[in-house]
Amino acid sequence: PAAGMIVHAGMVTFGAPQVGDMAIAVVDSQRRQDIMRNHTATHLLHAELRRVLGEHARQAGSLVTPDRLRFDFTHPEAVRPEQLAEIEAGVNRRILGNFDLRITFKPLQQAMREGAMALFGEKYAETVRTITIGGEDPFSYELCGGTHVEETGDIGLCLITSEGSVAAGIRRIEAVTGRAAYALVQHRFQLLNQAASLLGTSPELLPEKVGATLEELGATRKLVASLRQSLVAAEFSQVLANPRTVNQVTV
């Protein structure tokens, strides 16, 4: 409702609170930490997109929730798999570097002169909040009013889950961090172990086993097709050996 005012929305689950009643507000710590991880990861992702794809890759929208992050950016073509892998590796390299986040308030014009990233079309107050990541040689410097971790190492892990187009010249990346990233890794490991078990091999040898199985399947399909042709030819020979006569015409 007004600049600088924070509003808390809640649901009455029991009782009948009245204006003027005392209230105790408690932050959901785990939910907040998940949001902080995903939010700081979007800043790291933005920096890596610009490093790998070029300075034209700028934020065009984002969504930060406790369980995932979504980041839209300007780019004229699909991101190649090797580029996506490099971006993800770069984000996690920054996470493992455990860089401090410096949060400062300064005049908008000063921040813009210093090169702070701002959202196109966004309205900012004369004094803005800036987030700097990267020590003496920062790699991320943005205007941002959201909640963040204190150190990048708090994110734990970041995994890109998808990349695709949402509009002409606009791409979208979705990713998970922290607890959600760990859950994804565990799930993928379980699937990998199940697949290896079904094929009677180890996870490390699964690609070779799958390749050999596909070759065997291909050879089997060719054999089945050949046998079907032979069977049809034999059945047709039997028909030719015993033709019918209809109106003095051999059928």
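For the structure, see preceding data.
All values derive from a computational prediction rather than experimental measurement.

**Student:** Give a description of the sheet that holds strand 1 (residues 59-64) that names residues and reports values.
**Tutor:** Spatial ordering of the open sheet is given by 1-2-7-6, a layout of four strands whose pairing is antiparallel. Because the sheet does not close on itself, it has two edges, and the strands there are strand 1 and strand 6 (158-167). Taken pair by pair, the neighbouring strands of this sheet meet at an average axis angle of 15°, ignoring direction. Both strand 6 and strand 7 (residues 170-177) contribute to a ladder of eight bridges, which runs antiparallel. Residue pairing across strands places Leu159 opposite Val176, the latter belonging to strand 7. Of the strands in this sheet, strand 1, strand 2 (69-74) and strand 7 are in contact with helix 1 (residues 29-53), which crosses strand 2 at around 25°.

**Student:** Run through the packing of aromatic side chains, naming residues and quoting values.
**Tutor:** A complete count under the given rule lists one aromatic pair for this structure. Ring centres of Phe99 and Phe139 lie 5.2 Å apart, and the angle between their planes is 75°; on these two criteria the pair is classed as edge-to-face. With Phe99 in the loop between helix 2 (81-96) and strand 3 (101-107) and Phe139 in the loop between strand 4 (127-133) and strand 5 (140-143), the pair connects residues that are 40 residues apart, well separated along the chain. Under the relative-accessibility criterion, Phe99 is labelled partly exposed at 25%.

The rules behind these values
Residues numbered from 1 in each chain as written. Predicted model: local features only at pLDDT ≥ 70, side-chain atom pairs only at ≥ 80, totals over all residues. Heavy atoms only, no water. Pairing = 2+ DSSP bridges. Helix = DSSP H or I, 4+ residues; strand = E, 2+ residues; numbered from the N terminus. Axes fitted to C-alpha atoms, helices over the stretch in contact; angles between N-to-C directions. Contact = heavy atoms within 4.5 Å. Phe/Tyr/Trp six-rings, centres within 6.5 Å; stacked < 30°, edge-to-face > 60°. Buried < 20%, exposed > 50% of the residue type's maximum accessible area, 1.4 Å probe, protein only.

Note that all results are geometric; they support no functional claim without further evidence.
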